[in-house]
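Structure assessment
Each chain, letter by letter, is given below.
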Amino acid sequence: MNNKPIGVFDSGVGGLTAVRELKKLLPDENIVYFGDTGRNPYGTRSKNTIIKYAKQAVRFLMKHDVKAVIAACGTVSTVLDEKAALDILGKDMPYTGIVLPATRTACAMSAGGRIGVIATTAAIRSGAYGRAVRAISPSAKVFGNACPLLVPLVENGMIGVDNKISRLVLEMYLRPLMKEEIDTLILGCTHFPLLYDLINDVLGYDVTLIDPCVSAVAELKTGLTKQGMLNESADGGGRVNYFLTDSPENFESVVALFLRGEANGKITHIDIESIDA
Ligand code: DGL
């Protein structure tokens, strides 16, 4: 057994969908969450900048002695693969982004091999999903669309099925994918699962939606179980230590939106300059 925490990082608050899933699937685990709220969004930045920021996040989590790391950021996951991340970790330990778990689920669920991906501009530009899908299902077709307007809509709570503005924006983004008759859609940004019901409604026909954090956390659970690394101590677990690079003023309300519950942990503001670049 191993009672060290699991580290989760994101450009900001989207990674809270991974925290939500961890709380569901691994309720006894403690979590250290790093949200780079002072420098987000990452999705409009260059590959090199995103990698530099991700390195800092991983180093920060390592200082907190985590036993595993989830890159709960769609953008980071497309530019920093698991192999490159292991170099930064400096040791062999469980690490997962969201691209591979989401792709494995999508390939397994897609009946006709027509897979759509919505994500940030940087994530779509990377071509990571196309490569990942072809490695598993060479005959499958991947159709991507960058959706830069969705992150601010989600962060402003505009997620309900009756939200006319988000519906309009989603219709614009999903129309080209619907024309391609996708049968599966990867929600390739960790903010997007909050739009799950609205996306379903806008699509209006039977498309399997893939929440990447559900796949990533399920795979992590399998890995930790196999390696005997679950927290089986009697300390109760389930605590989250949040570290944010911007002032945490509105964070409680964002947590309520993403986790549908309380933060249940300490929220600390950290100075990004104090982490080695
Ligand atoms: N959660 C990030 C992602 O999944 C949000 C987008 C951003 O920082 O641009 O890509």
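Read on for a plain summary of the structure. Predicted model only: the values in this text are computed from it and were never measured.

1. Digging into the site of the ligand
Residues in contact with the ligand amount to 14 residues; listed here are only the nearest, Ser 11, Gly 43, Gly 74, Thr 75 and Thr 190. Contact distances for the ligand include 2.7 Å between an oxygen atom and a backbone N or O atom of Gly 43. Across the complex, the protein chains shield 97% of the 290 Å² of accessible surface that the ligand would expose by itself. Taken together, the residues of the shell around the ligand break down into 5 nonpolar, 8 polar and 1 charged.

2. Details of the sheet that holds strand S7 (residues 184–187)
Spatial strand order, S6-S5-S7-S8: 4 strands in an open sheet with parallel pairing. The sheet is open, and its two borders are formed by strand S6 (141–146) and strand S8 (208–210), each paired with just one other strand. Between one strand axis and the next, the sheet turns through 20° on average, direction left out of account. With 3 bridges connecting them, S7 and S8 associate as parallel partners. Its bridge partner lying in S8, Ile 186 is registered against Ile 210.

3. Side note on the sheet that holds strand S9 (residues 240–244)
Strand order in the open sheet made by the 6 strands is S4-S3-S1-S2-S9-S10, with parallel pairing throughout. Across the chains shown, the open sheet's two edge strands, defined by having one partner strand only, are strand S4 (95–96) and strand S10 (267–269). The sheet contact formed by strand S2 (residues 31–35) and S9 spans 5 bridges and is parallel. Note on S9: the bridge partner recorded for Phe 34 is Phe 243. Running over the sheet, helix H1 (residues 16–25) touches strand S1 (6–10), S2, strand S3 (68–71) and S9 and is turned about 170° from S2. Running over the sheet, helix H11 (residues 212–226) touches S1, S3 and S4 and is turned about 165° from S3.

4. Here's the deal with the pattern of salt bridges
Under the criterion given, the structure shown has 7 salt bridges. When the shortest N-O distance is used, the salt bridge between Arg 167 and Asp 201 registers 2.7 Å. Taken as a pair, Arg 167 in helix H9 (residues 164–179) and Asp 201 in helix H10 (residues 196–203) lie far apart in primary sequence, 34 residues in all. Residue class for Asp 201 comes out partly exposed when judged on its relative accessible area of 43%.

5. Remarks on unusual backbone geometry
The omega torsion of the bond from Asn 40 to Pro 41 falls at 0°, within 30 degrees of zero and hence cis. Position of Pro 41 among the secondary structure elements: in the loop between S2 and helix H2 (47–63). At Asp 65, a residue that is not glycine, the phi angle is positive and equals roughly 55°. If you trace the backbone, Asp 65 turns up in the loop between H2 and S3. Look at Asn 264: it is not a glycine, yet its phi comes out positive at around 50°. Structurally, Asn 264 is set in the loop between helix H12 (251–259) and S10. Asn 264 sits in the partly exposed class, given a relative accessible area of 45%.

6. Quick look at the packing of helix H5 (residues 99–109) against H11
The relative placement of two packed helices comes down to the angle between their axes together with the axis-to-axis distance. Packing of H5 against H11 brings their axes to within 8 Å, and their N-to-C directions diverge by 105°. With respect to each other, H5 and H11 are oriented roughly perpendicular. Residue-level contacts link Pro 101, Ala 102, Arg 104 and Thr 105 of H5 to Pro 212, Ser 215, Ala 216 and Glu 219 of H11. The residue makeup of the contact of H5 with H11, split by class, is 4 nonpolar, 2 polar and 2 charged.

7. Quick look at the side chain of His 191
Mapped onto the elements of the fold, His 191 is located in the loop between S7 and H10. Owing to a relative accessible area of 4%, His 191 belongs among the buried residues under this scheme. There is a polar contact of 2.7 Å between the side chain of His 191 and the side chain of Glu 155. When near neighbours in sequence (up to four residues on either side) are disregarded, His 191 contacts Val 13, Gly 14, Val 151, Val 154, Glu 155 and Phe 258.

Rules used throughout
- Think of each chain on its own: its residues are numbered from 1, step by step along the sequence as written.
- Reporting of local features is limited, given that this is a predicted model, to residues whose pLDDT is at least 70; pairs of side-chain atoms are given and counted only at 80 or more, and all residues count toward the totals for whole chains, interfaces and linings.
- Each side-chain value is worked out from all heavy atoms of the structure, with water and hydrogens disregarded.
- A single heavy atom is enough: if one lies within 4 Å of a molecule or strand, its residue is considered near that molecule or strand.
- Any pair of nitrogen or oxygen atoms within 3.5 Å is treated as a polar contact; in protein, a donor-acceptor pairing is required on top of that, and neighbouring residues in sequence qualify only through side-chain atoms on both sides.
- Using the Shrake-Rupley algorithm and a 1.4 Å probe, accessible areas are obtained, with residue cover drawn only from the displayed protein chains.
- Basically, the charged four are Asp, Glu, Lys and Arg, the nonpolar ten are Ala, Val, Leu, Ile, Met, Phe, Trp, Tyr, Cys and Pro, and anything else, Gly included, counts as polar.
- Only strands joined by at least two bridges in the DSSP assignment are considered to pair.
- Helix and strand assignments come from DSSP, with helices taken as H or I runs of at least 4 residues and strands as E runs of at least 2, each series counted from the N terminus.
- In this description, a line fitted to the C-alpha atoms serves as the axis of each element, helices being fitted only across the stretch in contact, and the angle between N-to-C directions of two axes falls anywhere from 0 to 180 degrees.
- Any pair of residues with heavy atoms lying within 4.5 Å of one another is described as a contacting pair.
- The salt bridge criterion pairs a side-chain nitrogen of Lys or Arg with a carboxyl oxygen of Asp or Glu, the two atoms within 4 Å.
- Any residue under 20% of the maximum accessible area for its type is buried, any over 50% is exposed, and the rest in between are partly exposed; the area is computed with a 1.4 Å probe on protein chains only.
- Here roughly perpendicular refers to angles of 65 to 115 degrees, roughly parallel to angles under 35, roughly antiparallel to angles over 145, and oblique to all remaining angles.

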